[in-house]
Amino acid sequence: MDRKLIARFVTAPLLALSLMSGIAMAQAAAPAKDPKAPKAAKTAKAAAPAADLVDLNTATKDQLVALPGVGDAYADKIIAGRPYKAKTDLTRKKIVPAAAYKKFSALVIAKQ
């Protein structure tokens, strides 16, 4: 056999083995994923602690503007529409559109 041909037959399998062993080692070194962990992370993002929630009935304009999707105009409309029995009153009374409400709904509360 030709030397170049022998080199190809030897080099190709060795290269494939080294790539596969590198992938296997990377997978073994990666931390095991807990199937419940992503669900817990989503829950933590979705609901802020009660102490951190912005009360729609008492929040200042600056506090409302700090919410994602709320600018000066929406903040003024929220303040003008008080009091709220529930935070969903914002969309029910058409004070803010549903798309904007989805951005900040987990960050607000309507205390009585």
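Quick caveat: nothing in here was measured; it's all calculated off a predicted structure.

Moving on, we come to the overall build of the protein. Counting secondary structure elements, the protein contains 6 helices and 2 strands. When the helices and strands of the protein are read in sequence order from the N terminus, they spell out α-α-β-α-α-α-α-β. A burial count over the protein gives 21% of its 112 residues as buried. At a minimum sequence separation of 6, the contacts of the protein that also span at least 24 residues come to 47%. Summing over all exposed atoms, the protein offers an accessible surface of approximately 8,400 Å²; the carbon and sulfur share of this is 65%.

Turning next to the packing of aromatic side chains. Considering all chains together, one arrives at 1 aromatic pair under this definition. With a centroid separation of 5.9 Å and an interplanar angle of 80 degrees, the aromatic rings of Tyr-101 and Phe-104 are classed as edge-to-face. Note that Tyr-101 and Phe-104 are positioned in helix α6 (residues 98-104) at a spacing of 3 residues, about one turn of the helix.

Another aspect to go through is unusual backbone geometry. Residue Pro-83 is reached from Arg-82 by a cis peptide bond, and omega for that bond is 0 degrees. On the secondary structure map, Pro-83 appears in the loop between α4 (72-80) and α5 (89-92). The residue Lys-94 is not glycine, and still its phi comes out positive at about 60 degrees. Relative to the helices and strands, Lys-94 is located in the loop between α5 and α6.

Below, the discussion takes up the nonpolar core. Within the largest apolar cluster, 16 residues are counted, with the highest numbers of intra-cluster contacts made by Leu-64, Ile-78, Leu-90 and Phe-104. Of all the elements in the fold, those that place two or more residues in this core are α4 and α6. Residue contacts for Leu-64: discarding those within four places in its chain leaves Val-54, Leu-56, Ala-59, Val-70, Ala-75, Ile-78, Ile-79 and Arg-82.

About the cut-offs
- Residues numbered from 1 in each chain as written.
- Predicted model: local features only at pLDDT ≥ 70, side-chain atom pairs only at ≥ 80, totals over all residues.
- Heavy atoms only, no water.
- Helix = DSSP H or I, 4+ residues; strand = E, 2+ residues; numbered from the N terminus.
- Buried < 20%, exposed > 50% of the residue type's maximum accessible area, 1.4 Å probe, protein only.
- Contact = heavy atoms within 4.5 Å.
- Areas by Shrake-Rupley, 256 points an atom, 1.4 Å probe, with all protein chains shown as cover.
- Phe/Tyr/Trp six-rings, centres within 6.5 Å; stacked < 30°, edge-to-face > 60°.
- Core = buried A, V, L, I, M, F, W, Y, C linked by side-chain atoms within 4.5 Å.

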